[in-house]
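For reference, the chains in residue letters:
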Amino acid sequence: MKPLFWLLWVGCSTPQTGAAPECDSLCDELVSTCGLAAYPDKDSCLQGCGYNLEKGYDIEGQAACVVEAACDAFGIVECEHRYAAP
């Protein structure tokens, strides 16, 4: 899934229960810290993250990268691309 499409898809997703713990810190950063419009709430972010986790993304690496990106939207997209499944 293309990074920009993923950002939009996550924003339109329905909430997911029982999300993976490694997604929690990533979604805290994206939703609570950065407040990006593509992530209207944490549940939508957790659903997209869970999907990426199932596809083999390195979520922990992506989370660290997002923190380093310091809420820069282009940096966040690059992180999603960099840690995508091979």
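Just so you know, these numbers come straight off a predicted model, no measurement behind them. (Residues numbered from 1 in each chain as written. Predicted model: local features only at pLDDT ≥ 70, side-chain atom pairs only at ≥ 80, totals over all residues. Heavy atoms only, no water.)

**Details of the state of the cysteines**
Counted by the stated rule, this structure contains four disulfides. The disulfide partner of Cys 23 is Cys 49, and the S-S distance across this bridge is 2.0 Å. A torsion of -85° about the S-S bond marks the disulfide between Cys 23 and Cys 49 as left-handed. With Cys 23 in helix α2 (residues 21-33) and Cys 49 in helix α3 (residues 42-54), this pair connects stretches of sequence that are 26 residues apart. Accessibility classification places Cys 23 together with Cys 49 in one group, the buried group. In the chain, the cysteines engaged in disulfides, taken in order along the sequence, are linked 1-5, 2-4, 3-7, 6-8. (Disulfide = S-S within 2.5 Å. Helix = DSSP H or I, 4+ residues; strand = E, 2+ residues; numbered from the N terminus. Buried < 20%, exposed > 50% of the residue type's maximum accessible area, 1.4 Å probe, protein only.)

**Quick notes on the pattern of salt bridges**
Pairing is possible between side chains of opposite charge, provided their charged atoms come close. Per the counting criterion, the structure on display carries two salt bridges. Lys 42 serves as the salt-bridge partner of Asp 24, at 2.4 Å between the closest nitrogen and oxygen. A residue pair is termed long-range when its members are at least 10 positions apart, and Asp 24 in helix α2 and Lys 42 in helix α3 qualify at 18 residues. Across the pair Asp 28 and Lys 42 runs a salt bridge, and its minimum N-O distance is 2.6 Å. Residue Asp 28 is located in helix α2, and its partner Lys 42 is located in helix α3; the two are separated by 14 residues in the primary sequence. Looking at Asp 28, the relative accessible area reads 29%, which means it is partly exposed. (Salt bridge = Lys/Arg side-chain N within 4 Å of Asp/Glu carboxyl O.)

These values are about where atoms sit, not about what they do.
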